[in-house]
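As a plain string of letters, each chain reads:
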Amino acid sequence: MRFRYLIMFLCFMVSAVTSFCYGAEEKILCGMEFGGKKSDTATAVELASDGGYVFTGSTETFGAGKKDIWVVKLDTAGRKQWAKLYGDTRNEVGESIVRFSDNGYILAGHTDSHGAGATDLFIIRLDIDGNNVWVKTFGGECAETAAEVVAVDDDSFVVAGTTCSYGQGGNDIWLLKMDGEGNNIWSYSYGGEKEEEAAGIMAMKGGGYVVFGTSDSRGDGSKDGWVFGLDSEGKKTWDKTFGGKSEDMIADAVATEAGILFVGSTESKGNGGSDVWVFRTDMKGDILWEKTYGDGGDETGVSVVPAGDGYYVASKWFSDIKTGEDMVLIKIDGDGGEQWRRTYGGAQSDVPVMIIEAENDRFIVAGTIGEYAKDKAMNAWIVKVDRDGKCSW
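Residues numbered from 1 in each chain as written. Predicted model: local features only at pLDDT ≥ 70, side-chain atom pairs only at ≥ 80, totals over all residues. Heavy atoms only, no water.

A. Structural view of the state of the cysteines. With the rule as written, the count across this model stands at two disulfides. Paired through a disulfide, Cys30 and Cys391 show a sulfur-sulfur distance of 1.9 Å. Here Cys30 and Cys391 share a disulfide; its torsion about the S-S bond, -50°, makes the bridge left-handed. Here the residue Cys30 occupies a position in the loop between β3 (25-28) and β4 (31-34), and Cys391 occupies one in the segment after β31 (378-386), the gap between them amounting to 361 residues. Between the sulfur of Cys142 and that of Cys164 lies a disulfide, 1.7 Å long from S to S. (Disulfide = S-S within 2.5 Å. Helix = DSSP H or I, 4+ residues; strand = E, 2+ residues; numbered from the N terminus.)

B. The arrangement of the packing of aromatic side chains in detail. Scanning the model with the defined rule gives 19 aromatic pairs in all. Ring centres of Trp186 and Tyr188 lie 5.5 Å apart, and the angle between their planes is 40°; on these two criteria the pair is classed as tilted. For Trp186, a relative accessible area of 7% gives the class buried. The interplanar angle of 45° and the centroid separation of 4.7 Å between the aromatic rings of Trp226 and Phe228 together place this pair among those described as tilted. Of the aromatic side chains, those joined through ring pairs into one cluster are Trp186, Tyr188, Tyr190, Tyr209, Trp226 and Phe228. The ring of Phe228 carries the charged tip of Lys236 above its face, separated from the ring centre by 5.1 Å. (Phe/Tyr/Trp six-rings, centres within 6.5 Å; stacked < 30°, edge-to-face > 60°. Buried < 20%, exposed > 50% of the residue type's maximum accessible area, 1.4 Å probe, protein only. Lys NZ or Arg CZ within 6 Å of the ring centre and 35° of its normal.)

C. Layout of the nonpolar core. With 19 residues, the main nonpolar core has Tyr312, Leu329, Tyr344, Ile355, Phe363, Val383 and Val385 as its most contacted residues. Among the secondary structure elements, those contributing two or more residues to this core are β25 (299-307), β26 (310-320), β27 (324-333), β28 (338-344), β30 (362-370) and β31. In this structure, Leu329 is in contact with Val313, Ala314, Trp340, Arg341, Arg342, Tyr344, Ile355, Val365 and Val385, ignoring residues within four places of it in sequence. (Core = buried A, V, L, I, M, F, W, Y, C linked by side-chain atoms within 4.5 Å. Contact = heavy atoms within 4.5 Å.)

D. Spatial organisation of the sheet that holds strand β13 (residues 144-152). Strand order across the open sheet formed by four strands is β13-β14-β15-β16, with antiparallel pairing between neighbours. Where the open sheet ends on each side, the last strands, each with one partner, are β13 and β16 (184-190). Across this sheet, the average inter-strand angle for adjacent strands is 15°, counted without regard to direction. Examined bridge by bridge, β13 and strand β14 (residues 156-163) share eight bridges and lie antiparallel to one another. (Pairing = 2+ DSSP bridges. Axes fitted to C-alpha atoms, helices over the stretch in contact; angles between N-to-C directions.)

E. How the structure looks around the pattern of salt bridges. In this structure the tally under the stated criterion is 14 salt bridges. One salt bridge connects Asp154 with Lys177, and the closest N-O pair in it is separated by 3.2 Å. With Asp154 in the loop between β13 and β14 and Lys177 in strand β15 (residues 172-179), this residue pair connects regions lying 23 residues apart in the sequence. Here Glu359 makes a salt bridge to Lys384, at a shortest N to O gap of 2.5 Å. Of this pair, Glu359 sits in the loop between β29 (349-357) and β30 while Lys384 is found in strand β31, placing the two residues 25 residues apart along the sequence. Salt bridges sharing partners connect three or more residues here, namely Asp102, Arg125 and Glu181. (Salt bridge = Lys/Arg side-chain N within 4 Å of Asp/Glu carboxyl O.)

F. Seen up close, the side chain of Glu46. For Glu46, the position within the fold is in strand β5 (residues 40-47). Buried and unpaired, Glu46 has Arg99 as its nearest opposite-charge partner, separated by 5.9 Å. Setting aside its immediate chain neighbours within four residues, Glu46 contacts Gly52, Tyr53, Val54, Ile97, Val98, Arg99 and Ile356. (Lys, Arg positive; Asp, Glu negative; His and termini not counted.)

What follows is the structure, given as structure tokens:
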């Protein structure tokens, strides 16, 4: 573990500082790195019952195989309390983790060491200390991956993923509801003749789910955002696509009192290239407003969380071929108006994957940091900020 300290320089100072500047704003370097000499990544983060944090991802530095699932527990100050590995001789990747009813965790990922196909869903139940309670794989002859797992009030959970073994054609969105012992309650695939991919799922108050991802089978463009509602038994209740003539993708969503807020990226709207895309719908998917944020390059929204009177949008902005992408937090109000924007990272590629709300108006961002070049090491990167975007560590 290595500490990253806040670097504060003015943009008009010596040229050595220019790599830390974005226009008239500083580039803030903070957070903590975890990993070794190879590539070690964070893909999801969750609050622990004691107020700390647990992140999952994959490691090439540690473990038995080429790539193993990696789970790390941190205290509120970002200090590592324990780390666990799950894998075999080939590749295992953790893609989502959620705290379960016993204050342990359900982890969803994929494996190519076990199962029936190229990759299978790899579901692990962990106790509060990260010890595995059970491990199960799900899949067919083709490839299956996980996108997100959510806990449900009846001591069960639902995994949203992508399958090419089941469904109508190509890749389809695949949902599995399981009890606490990993027994299948129901499973369904959703898609068309072309390609669909799950990005996530929300369990809604009062029952039912909202699933979001991308579709090539529906909509106006080569790839559109796809959102559909389900009842508690997995039966579809409504279905909407969003986008234009080019590629438009949904990455994350959050339920609000006024509806659902989605974040992703669009090539059909905005200032050119790919822009951060945020839009709100009512509870049936009818659009209320939409906004884009970008500067003409390649900008992608990856995660969203409520923050005071508005929302934090975590995004990645492509800088240049040498430094790669930067993490940019955008604070927006309830109508999508931009309140401020902060850029984080160093002279490397700094990519967020998820933001969650922590204690006392603080927020945790998980991602990766490292060299933007082939065969260079990436490390897991965890950043804690306050409601004004200032680094706590």
